[in-house]
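Examining the three-dimensional arrangement
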Amino acid sequence: MSIQISAIICTHNRDQYLGGAIESLLNQDHPDFEVIVVDNASSDRTQEVIQSLQPHPRLKSVYEPVTGLSVARNTGAKNASGEILAYLDDDAIATPSWLTVLSRAYAENDKLAIAGGKVTLIWPTGITPPPWLSEGLAGNLGAYDLGDSPVLITQPGNTPRGLNYSLRRTFLEEIGGFDPNLGRVGKKLLSNEELVMTELALKSGWQVSYIPEALVAHNVAPERVNRSWFLRRGWWQGVSECYREQLSNRGGLHQFSLGGERIIRGLYKSVKYISDPALHFDNLVYAYGQIGYLTTAIEGLWSRNAPLK
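Our subject in this report is the structure included herewith.

1. What to know about the overall build of the protein
- Within the protein one finds 10 helices and 11 strands.
- The C-alpha atoms of the protein give 20 Å as radius of gyration, which agrees with the globular expectation for 309 residues (19 Å, within 12%).
- With respect to the three principal axes, the spread of C-alpha positions in the protein is 60 × 50 × 40 Å.
- Element-wise, carbon and sulfur atoms account for 55% of the exposed surface of the protein, whose accessible area totals about 14500 Å².
- One finds the centroid of the 28 positive side-chain charges in the protein at a distance of 6 Å from the centroid of its 32 negative side-chain charges.

2. So, the environment of Ala86
- Following the sequence through the fold, Ala86 ends up in strand E4 (residues 84–88).
- Sequence separation of Ala86 and Gln54 is 32 residues, and the distance between their C-alpha atoms is 21 Å.
- In contact with Ala86, other than residues within four places in its own chain, are Ile5, Ser6, Ala7, Ile8, Trp98, Leu99, Leu102, Tyr165 and Ser166.

3. Here's the deal with the pairing of strand E10 (residues 207–210)
- Pairing analysis gives four bridges linking strand E6 (residues 112–116) to E10, with the strands arranged parallel. The residue bridging Gly116 from the neighbouring strand is Tyr210, located in E10.
- Of the strand pairs in this sheet, strand E8 (residues 151–152) and E10 are connected by two bridges, and their pairing is antiparallel. Within E10, the residue paired with Val151 across the bridge is Tyr210.

4. Comments concerning the pairing of E6
- Taken across its five residues, E6 has five buried, putting it largely inside the fold.
- For E6 and strand E9 (residues 164–168), the ladder comprises two bridges, and the chain directions are antiparallel. When the bridges of E9 are listed, Ile114 appears paired with Leu167.

5. Considering unusual backbone geometry
- Of the consecutive residues Gln54 and Pro55, the connecting peptide bond is found in the cis state with omega at 0 degrees.
- Relative to the helices and strands, Pro55 is located in the loop between helix H2 (46–52) and strand E3 (59–63).
- The backbone of Asn13 shows a phi angle near 55 degrees, a positive value even though the residue is not glycine.
- Backbone geometry places Ala41, a non-glycine residue, at a positive phi of 55 degrees.

6. Remarks on the pattern of salt bridges
- Scanning all chains against the criterion turns up seven salt bridges.
- For Glu261, the salt bridge identified is with Arg265, shortest N-O distance 2.8 Å. Of the two residues, Glu261 and Arg265 are both situated in helix H9 (residues 254–272); the distance of four residues between them amounts to about one turn of the helix.
- Judged by its relative accessible area of 37%, Glu261 is partly exposed.
- Taking the relative accessible area as the measure of exposure, Arg265 reaches 33% and is therefore partly exposed.
- The structure contains a network of salt bridges with shared partners spanning Arg14, Asp90 and Asp91.

7. Focus: the sheet that holds E10
- In space, the eight strands of this open sheet follow the order E3-E2-E1-E4-E9-E6-E10-E8, with mixed pairing throughout. The open sheet has two edge strands, E3 and E8, and neither has a second partner.

Cut-off values and rules
Residues numbered from 1 in each chain as written. Predicted model: local features only at pLDDT ≥ 70, side-chain atom pairs only at ≥ 80, totals over all residues. Heavy atoms only, no water. Helix = DSSP H or I, 4+ residues; strand = E, 2+ residues; numbered from the N terminus. Rg over C-alpha atoms; globule rule 2.2 N^0.38 Å. Areas by Shrake-Rupley, 256 points an atom, 1.4 Å probe, with all protein chains shown as cover. Lys, Arg positive; Asp, Glu negative; His and termini not counted. Charge placed at Lys NZ, Arg CZ, Asp CG, Glu CD. Contact = heavy atoms within 4.5 Å. Pairing = 2+ DSSP bridges. Buried < 20%, exposed > 50% of the residue type's maximum accessible area, 1.4 Å probe, protein only. Salt bridge = Lys/Arg side-chain N within 4 Å of Asp/Glu carboxyl O.

By themselves, these are just geometric observations and shouldn't be taken as functional.
Rendered as structure tokens:
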């Protein structure tokens, strides 16, 4: 059987959600696909969960001992047979037509390099969205909605979420795979790898698309529904943004004035909107993230100017 599309889950210690994610892929209505689970150095019951769903003719698992989401994604691609690679997070649930919708989009547009769809949130039992959670910060939980019509992405900041993400193999090979310097590594919440991919695609004449019908629901972990998690996530977002600039040779002294201006702007707006819990906290997280940005800028400048030993 010729495999047209490969669904890939990269997982690290998410045994409580993993089974549901795998089953949502095994129940896809697409006629020609495979499911690959990359166990990225898990130490929980991940292997037991995978084995409970085997043997299955469409399911294959591989082990990647080097921790890191980008590393695991590259391992998944190397073990996949499809021309289209569709990545689903280990705590997400894909609708039955997910692969069919994505496959059709690539078949109809040979310039399409990257595509992803709408993401809704599944809140834990007994927990509702807190009043301090803005629409923007909900994006940190995976929410992604650009409307009910397809959109060609022209701004990297609007790139599809990594938890509901697909790309064409030829494009991935063209750029040399996912950059291991970006993407989560254990508890380090590095990000921006998808944003970089979109930048590379647009620069090379490829297209990137939002396809609302490629719908995925994302489980919100209870431990994330607190302010400290969002502050930590904001800090790592700042780190990731600084890394992205440095990797594309856009780092330097100007980052200090840029980061400082952003801190002042965020703090000013957090005070301005003190009566609005969501806008107040949103801007506070933004300002806090710039501390991560500036810290990384200092480290980058120090390493660049450090004497060789």
